[in-house]
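Coordinates in review
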Amino acid sequence: MPSEQAVDEYLGIPYATSQPQSPFHRFDLYVPREISARLLCPLICFVHGGAWKSEDKFDQVAARRLACTTGCPVALPNYRLTPKRPTPDNFLRHPEHAKDILGFLNFICAEPPRVPGLPYEPQQLILVGHSCAAHMLCSIFLNVSSHSSDASDANQLCPSDTLLERTKALVLSEGIYDLDLLISTSPTYRSWFIEDAFGGRDSYADVSVIKAPTRHHSGHIKWLIIHSKGDTLVDEEQSQAMYNHLKDQSAQVYKSFDEFVEGHNEILRGDQYVDVLRRFIWVISALE
């Protein structure tokens, strides 16, 4: 592993206006202190998983290490979660989680910057989504409205031309992409989190991202699909299906299915995860 740099922390930055200010609409930013010496350094945005109903940006131990080892600033947004015990008065369902992430991405792409003086210029974005966050990012960067039963919901996730242009790569690890496929291999997931986050229905085909075409003007985006041999929560079939779909769409897609042996979340705590991302960033930068 390369030597680690010192980083400055900017915590709890709001990306949406609400009264009172919601802790779910804030992000943390980790910035290497030597970043001023680098030009066009990408901003890494790490979106946490948690089955649409748990975890927090504070739990993500890989983020600070990503900033330390890549030399790139790293932003970690929170987003609203489906309650663990939803009721008719408090339930929150897809696409609300992804809409929050899109709002965060629009915030950091805003010109002029919404928070003047923050030490990043996100002309190049590398977006990292773990577990359910892989589905959220795909719901934004693929055209889910092409097969959705509710096009109005899907259209709310349409990225701006600026966001598409600035997004350099998506890295998706241990991702969930097809809920029907997931239920077929793990039937208990339906009652554990899928019905709470997506509602009860016979099929979830309309929210499957492995059926969604790539968006216009997104051909420059490079994709990396990561899956660990040791993941016992989400099977490799999910990631293989996503990789095959992107290949069929003629996307620039790469995969890493043989480098990890840790569990679903354990891969985030090891050096290998950070090193794979560091090498991928170096490779795609060299290709520019």
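In the block above lies the structure referred to throughout.
Residues numbered from 1 in each chain as written. Predicted model: local features only at pLDDT ≥ 70, side-chain atom pairs only at ≥ 80, totals over all residues. Heavy atoms only, no water.

Section: the overall build of the protein
A tally of helices and strands in the protein yields 9 helices and 8 strands. By principal-axis analysis of the C-alpha atoms, the protein measures approximately 55 × 45 × 35 Å. For the protein, the share of sequence-separated contacts (at least 6 apart) that also reach a separation of at least 24 residues comes to 77%. When the accessible surface of the protein is split by element, carbon and sulfur atoms take 50% of a total near 12500 Å². Averaged over its 26 positive side-chain charges, the protein has a centre that lies 2 Å from the centre of its 36 negative ones. (Helix = DSSP H or I, 4+ residues; strand = E, 2+ residues; numbered from the N terminus. Contact = heavy atoms within 4.5 Å. Areas by Shrake-Rupley, 256 points an atom, 1.4 Å probe, with all protein chains shown as cover. Lys, Arg positive; Asp, Glu negative; His and termini not counted. Charge placed at Lys NZ, Arg CZ, Asp CG, Glu CD.)

A closer look at the packing of aromatic side chains
The full count for this structure, using the stated rule, is 11 aromatic pairs. Each ring, one from Tyr 189 and one from Phe 193, has its centre 5.4 Å from the other, and the planes form 45°; the classification is tilted. Of this pair, Tyr 189 and Phe 193 both sit in helix α7 (residues 189-198), separated by 4 residues, roughly a single helical turn. Pair check on accessibility: Tyr 189 and Phe 193 agree, each one buried. By way of ring pairs, the aromatic residues Trp 52, Tyr 189, Trp 192, Phe 193, Phe 198 and Tyr 204 are connected into one cluster. The cationic tip of Arg 93 hangs over the ring face of Phe 91; the distance from NZ or CZ to the ring centre is 4.7 Å. Sitting over the face of the ring of Tyr 243, Lys 255 holds its NZ or CZ atom 4.8 Å from the ring centroid. (Phe/Tyr/Trp six-rings, centres within 6.5 Å; stacked < 30°, edge-to-face > 60°. Buried < 20%, exposed > 50% of the residue type's maximum accessible area, 1.4 Å probe, protein only. Lys NZ or Arg CZ within 6 Å of the ring centre and 35° of its normal.)

Describing the packing of helix α2 (residues 96-109) against helix α3 (residues 132-141)
Close contact between α2 and α3 brings their axes to 9 Å; oriented N to C, the two are set at 65°. By the angle class used here, α2 and α3 are roughly perpendicular. Judged by the twist between their axes, the crossing of α2 over α3 is right-handed. Listed contacts from α3 to His 97, Ala 98, Ile 101, Leu 102 and Leu 105 of α2 are Met 136, Leu 137, Ile 140 and Phe 141. Residue composition of the contact of α2 with α3, grouped by class: 8 nonpolar, 1 polar and no charged. (Axes fitted to C-alpha atoms, helices over the stretch in contact; angles between N-to-C directions. Parallel < 35°, antiparallel > 145°, perpendicular 65-115°, else oblique. Left-handed = near helix turned anticlockwise from the far one by under 90°. Nonpolar A, V, L, I, M, F, W, Y, C, P; charged D, E, K, R; others polar.)

Side note on the side chain of Asp 178
Tracing the chain through its elements places Asp 178 in the loop between β6 (167-173) and α6 (179-185). A polar contact is formed between the side chain of Asp 178 and the backbone nitrogen of Leu 181, at a distance of 2.9 Å. Reaching out from Asp 178, the side chain makes a polar contact with the side chain of Ser 208 at a distance of 3.2 Å. (Polar contact = N/O pair within 3.5 Å; in protein donor to acceptor, adjacent residues only side chain to side chain.)

Observations regarding the pattern of salt bridges
The tally for this structure, following the rule as stated, stands at 17 salt bridges. Of the charged contacts, one joins Arg 33 and Asp 8 as a salt bridge, the two residues approaching to 2.8 Å between their closest N and O atoms. In this pair, Arg 33 sits in the loop between β2 (26-32) and β3 (43-47) while Asp 8 sits in strand β1 (residues 7-14), placing the two residues 25 residues apart along the sequence. With a relative accessible area of 52%, Arg 33 lands in the exposed category. Residue classification places Asp 8 among the partly exposed residues on the basis of a relative accessible area of 29%. Close ionic contact of Arg 269 with Glu 266 constitutes a salt bridge, the shortest N to O distance being 3.7 Å. By relative accessible area, which is 54% here, Arg 269 ends up exposed. (Salt bridge = Lys/Arg side-chain N within 4 Å of Asp/Glu carboxyl O.)

So, to be careful, I would describe these as geometric facts and stop short of saying anything about function.
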